[in-house]
Amino acid sequence: MADILVTWFSRSGSTERLARALAQRLGADAEPILASGSYAGATGFVRGVWQSLQRRMPPVRSGADPGPYRLVVVGAPVWAGRPAAPVRSYLRQHGPRIQGLAAFCVSGSGAAYDGVFDDMAELAGRRPIATLSLAQRQVLADEADAAIEGFAARLHEAGAAAA
Ligand SMILES: Cc1cc2nc3c(=O)[nH]c(=O)nc-3n(C[C@H](O)[C@H](O)[C@H](O)COP(=O)(O)O)c2cc1C
């Protein structure tokens, strides 16, 4: 078992793609957060927006225990300017057992969504030591290498990851 965990929720695969690249770069374990409900199709999209606007925390089917890890890197798609609802649920449920937190998000626009990381910090009960925001198109075009290196370097400076 590694001492860093990368965990994420992904509806359409881009957050997962970035998560797996980060896990590989950091030599971390990689475990998805799986939602209980479906977010497929237009109905799922609307449900996602609504849950985000309402700050809902729907049940999640699975998520790794962060307790044994000294750093947990949590990834979320941006939904209505906030972290996707299943990530909210995971952080609320497991936040107290997180020893060190870093966070990343993927959005359609690539804008800096401070609300995403503010919400994640509040739910986890601690600020992330480093954050990373990318646009979906950057991730899908494999244009995230420099950003991943920068993120890993910030974690290293914070004493949380190998160079
Ligand atoms: C319910 C929902 C709400 C979204 N809201 C935003 C948003 O507020 N701003 C934005 O830039 N992208 C928004 N998006 C786009 C996603 O953030 C983007 O497609 C992201 O890459 C999806 O990650 P995934 O492929 O891991 O599911 C939204 C997507 C969904 C499904």
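Further up the page is the structure itself.
In what follows, the accompanying structure is described. All figures in this text were calculated on a predicted structure; none of them were measured in a lab.

**Some details on helix 6 (residues 145–157)**
Helix length check: helix 6, at 13 residues, gives a terminal C-alpha distance of 18 Å against a target of 18 Å (1.5 Å per residue), a fit within 8%. If you check which residues of helix 6 are buried, you get Ile148, Phe151, Ala152 and Leu155. All buried residues of helix 6 lie within an arc of 100° about the axis, which places them on one face of the element. Counted as exposed and oriented over 90 degrees from the buried face of helix 6: Ala146 and Glu157.

**Section: the packing of aromatic side chains**
Evaluation of the coordinates by the stated rule reveals 3 aromatic pairs. Judged by centre distance (5.8 Å) and plane angle (90°), the ring pair of Phe9 and Trp79 falls under edge-to-face. Of the two residues, Phe9 sits in the loop between strand 1 (4–8) and helix 1 (14–26) while Trp79 sits in strand 5 (residues 71–79), which places them 70 residues apart along the sequence. Judged by relative accessible area, Phe9 falls into the buried class, the value being 6%. The buried category is assigned to Trp79, whose relative accessible area is 10%. Grouped by ring-pair contacts, the aromatic residues Phe9, Tyr39 and Trp79 constitute a single cluster.

**So, the pattern of salt bridges**
Applying the stated criterion across every chain yields a total of 8 salt bridges. Taking the shortest distance from any N to any O, the salt bridge between Asp142 and Arg17 comes out at 3.2 Å. Of this pair, Asp142 sits in the loop between helix 5 (136–140) and helix 6 while Arg17 is found in helix 1, placing the two residues 125 residues apart along the sequence. Arg25 is the salt-bridge partner of Glu149, the closest N and O atoms lying 2.7 Å from each other. Linking Glu149 in helix 6 with Arg25 in helix 1, this pair joins segments that are 124 residues apart in sequence.

Rules used in this analysis
Residues numbered from 1 in each chain as written. Predicted model: local features only at pLDDT ≥ 70, side-chain atom pairs only at ≥ 80, totals over all residues. Heavy atoms only, no water. Helix = DSSP H or I, 4+ residues; strand = E, 2+ residues; numbered from the N terminus. Expected span 1.5 Å × (residues − 1). Buried < 20%, exposed > 50% of the residue type's maximum accessible area, 1.4 Å probe, protein only. Arc of directions from axis to C-beta. Phe/Tyr/Trp six-rings, centres within 6.5 Å; stacked < 30°, edge-to-face > 60°. Salt bridge = Lys/Arg side-chain N within 4 Å of Asp/Glu carboxyl O.

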